[in-house]
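Examination of the molecular architecture
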Amino acid sequence: MHQFKYKAKDLYCEEIKIQDLVNRFGTPLYVYSYHTLIDHFWKLQRALTEIKPLICYSVKANSNLAILAALVDRGAGLDIVSGGELYRALKAGCPPQKIVYASVGKTNAEIEEAIKKKILFFNVESLAELQNINRIAARMKKTVNVAIRINPDVEPKTHKFITTGKITNKFGIDFERAYGIFLIRNRLANLNICGLHIHIGSQITESAPYIAALTKMADFIGRLKKIGVRLEYLNIGGGLGIIYDKETPQTAHNFANKVLPLLKETKLKIILEPGRFIVGNAGILATRVLYIKSTPKKKFIIVDAGMNDLIRPALYDAYHQILPLKAPQNAARRSEKADVVGPICESGDFFAKDRRLPRLSEGDYLAVLGAGAYGFSMSSNYNSRTRAEEVMVVKDKVFVIRKRESNSDLIAHEMIPPFLLRL
Ligand SMILES: *Cc1c(COP(=O)(O)O)cnc(C)c1O
């Protein structure tokens, strides 16, 4: 459920007509619904209430400070994957004790900073990293909490670019190696191995992959108990899928019903790291139709947003629903198939292919739905395009949460060597 709906003839975000927003702020424009964001967080929190989980929103899905602050305000923790995300998390007011840090390639500087800031724990992805954190902790005279990220080798049945829990993926440690690590844990004197972590992929629409992974984890926890390992946390990652097209993803409630028995049995504190599930349907990308172009084979709707604003179609062949801000009249009769494309010099620069859309004209506006997760956070300045403005709607109020970039922002960090300056 989300709060982007037609009322009479106009598409609204909560109680604001999106046409008014594009008139005021221009396009391309990311529009987020505060209540959709919060509702999704609460849905998961409520469904799992018996185990009082810590929900650490995955910052990389959408790392805008206002999004983070809105979730932190509701009690969320944050899942980070870089020093930059640690910086954002703290700026958004997240208590360090609610921050967990995953990544296969943490640098020494990032590790030191996270230790200094006293985050809850690192999700560690290799023996080499474990030894490195131990070394750094020893130098800093600290004991550092870590969870071992397990690669449970399960098939999440999602796009191959977004599986992360198969044995051929770079993430996590297989069960046997992890077991070996627990056997030598006394040699890692400055680490407290307090938990296990899995994150098996993204846009997972069924519970079966989670059940498969958690069943393996339960066995493993049993084996660890036998050698005297006492754990505190089980971090089950993120990956819950959402509706982009015709998916029928598990609801928070269904997911909870399926996993709760397994989770309760572990008697560990449960952490989740959802990203897409919370923010995916809480954002749209509004864009203006620049030109309509017909070729012998195709019709192209050329819009002012591009793959630099939203790369998911190019990267994953992802489907995004596209709606005109003005509800079409007699939609079926006047619809036609077209490609919706951006202005960038790449054939991968598209939002939809052979999509049946109402007949559009230059100057019309479109909303690309489901753009809240991995939208702005994956945006770039490719083709020297300034990044879009982002606004957050709260009922009938709107707040700018990131200003549109200017041309001077584009070159802010660039320098011409003096010998080339001919001024
Ligand atoms: C990306 C990521 C997540 C969030 O994934 P979603 O599919 O957006 O829920 C959670 N945990 C880790 C470790 C990740 O890398």
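Here goes a summary of the coordinates provided. (Residues numbered from 1 in each chain as written. Predicted model: local features only at pLDDT ≥ 70, side-chain atom pairs only at ≥ 80, totals over all residues. Heavy atoms only, no water.)

1. Overview of the packing of aromatic side chains
Under the criterion given, the structure shown has eight aromatic pairs. When the ring of Phe-121 is compared with that of Tyr-233, the centres are 5.3 Å apart and the planes differ by 50 degrees; the resulting orientation is tilted. Linking Phe-121 in strand E8 (residues 121–124) with Tyr-233 in strand E11 (residues 233–235), this pair joins segments that are 112 residues apart in sequence. The same class applies to Phe-121 as to Tyr-233, namely buried. With centroids separated by 6.4 Å and ring planes inclined at 65 degrees, the aromatic side chains of Phe-182 and Phe-220 adopt a geometry described as edge-to-face. On the criterion of sequence distance, the pair formed by Phe-182 in helix H7 (residues 175–183) and Phe-220 in helix H8 (residues 208–226) is long-range, its members being 38 residues apart. (Phe/Tyr/Trp six-rings, centres within 6.5 Å; stacked < 30°, edge-to-face > 60°. Helix = DSSP H or I, 4+ residues; strand = E, 2+ residues; numbered from the N terminus. Buried < 20%, exposed > 50% of the residue type's maximum accessible area, 1.4 Å probe, protein only.)

2. Considerations on the pairing of strand E12 (residues 269–272)
Sheet topology places strand E5 (residues 54–58) next to E12; two bridges connect them, and they run parallel. Residue pairing across strands places Leu-54 opposite Ile-271, the latter belonging to E12. The pairing of E11 with E12 spans three bridges and is parallel. Residue pairing in the sheet places Asn-235 in a bridge with Ile-271 of E12. Remark: the E11/helix H9 (residues 252–266)/E12 crossover connection has right-handed handedness. (Pairing = 2+ DSSP bridges. Right-handed = clockwise from strand over helix to strand, strands pointing away.)

3. A look at the sheet that holds strand E3 (residues 16–17)
As summarised here, the arrangement of the three strands in space is E1-E2-E3, forming an open sheet in which the pairing is antiparallel. The strands lining the two open edges of the sheet, one partner per strand, are strand E1 (4–7) and E3. Across two bridges, strand E2 (residues 10–13) lies against E3 in antiparallel orientation. Across the sheet, the residue bridging to Cys-13 is Ile-16, located in E3.

4. Focus: the site of the ligand
Inspection of the region around the ligand gives 15 residues, with Lys-60, Ser-202, Gly-239, Glu-273 and Tyr-374 positioned closest. Gly-239 is positioned such that a nitrogen or oxygen atom in its backbone is 2.7 Å from an oxygen atom of the ligand. Residue Gly-275 places a main-chain N or O atom 2.9 Å away from an oxygen atom belonging to the ligand. For the ligand, whose accessible area on its own is 390 Å², the fraction buried by protein is 94%. For the shell around the ligand, the residue count by class is three nonpolar, seven polar and five charged. (Near = heavy atom within 4 Å. Polar contact = N/O pair within 3.5 Å; in protein donor to acceptor, adjacent residues only side chain to side chain. Areas by Shrake-Rupley, 256 points an atom, 1.4 Å probe, with all protein chains shown as cover. Nonpolar A, V, L, I, M, F, W, Y, C, P; charged D, E, K, R; others polar.)

5. A look at a nonpolar patch on the surface
Together, Ile-416, Phe-419, Leu-420 and Leu-421 give the surface a local cluster of nonpolar side chains, amounting to about 440 Å² of exposed area. With respect to the helices, strands and loops of the structure, Leu-420 is situated in the segment after helix H13 (407–410). On the basis of relative accessibility, which here comes to 44%, the residue Leu-420 falls in the partly exposed class. (Patch = residues over 30% accessible without salt bridge, like charges linked within 9 Å, V, L, I, M, F, W, Y side chains within 5 Å. Salt bridge = Lys/Arg side-chain N within 4 Å of Asp/Glu carboxyl O.)

6. Here we look at the nonpolar core
Of all hydrophobic cores here, the largest spans 106 residues; its most connected members are Phe-122, Ile-148 and Leu-196. When residues of this core are assigned to domains, at least three map to each of domain 1 (4–31 + 280–410) and domain 2 (103–272). With residues up to four places along the chain from it excluded, the contact list for Phe-122 reads Tyr-101, Lys-106, Ile-111, Ala-114, Ile-115, Ile-133, Val-144, Asn-145, Val-146 and Ala-147. Judged by nonpolar contacts, the second largest core, of 20 residues, contains Leu-21, Phe-25, Ile-284 and Val-393. (Core = buried A, V, L, I, M, F, W, Y, C linked by side-chain atoms within 4.5 Å. Domains from an automatic or database assignment. Contact = heavy atoms within 4.5 Å.)

7. Considering the packing of H7 against H8
Between H7 and H8, whose axes approach to 11 Å, the crossing angle comes to 25 degrees. Compared by their axis directions, H7 and H8 come out roughly parallel. Crossing handedness for the pair H7 and H8: right-handed. Listed contacts from H8 to Phe-175, Glu-176, Ala-178, Tyr-179 and Phe-182 of H7 are Lys-216, Met-217, Phe-220, Arg-223 and Leu-224. In terms of residue class, the contact of H7 with H8 is made up of seven nonpolar, no polar and three charged. (Axes fitted to C-alpha atoms, helices over the stretch in contact; angles between N-to-C directions. Parallel < 35°, antiparallel > 145°, perpendicular 65-115°, else oblique. Left-handed = near helix turned anticlockwise from the far one by under 90°.)

8. Comments concerning the sheet that holds E12
Strand order in this closed barrel of eight strands is E5-E6-E7-E8-E9-E10-E11-E12, and the pairing throughout is parallel. Across the sheet, the axes of successive neighbouring strands diverge by a mean angle of 30 degrees, strand direction being ignored. Sheet topology places strand E7 (residues 99–101) next to E8; two bridges connect them, and they run parallel. For Val-100, the partnering residue across the bridge sits in E8 and is Phe-121.

9. Structural notes on the environment of Ala-147
Mapped onto the secondary structure, Ala-147 falls in strand E9 (residues 144–149). In this structure, Ala-147 is in contact with Phe-121, Phe-122, Asn-123, Val-124, Gly-195, Leu-196 and His-197, ignoring residues within four places of it in sequence.

10. Section: the environment of Tyr-57
The topology assignment puts Tyr-57 in strand E5. Note on Tyr-57: relative accessible area 0%, which makes it buried. Residues Tyr-57 and Lys-397, 340 residues apart in the sequence, show an inter-C-alpha distance of 25 Å. A distance of 2.8 Å separates a polar side-chain atom of Tyr-57 from the backbone oxygen of Asn-62.

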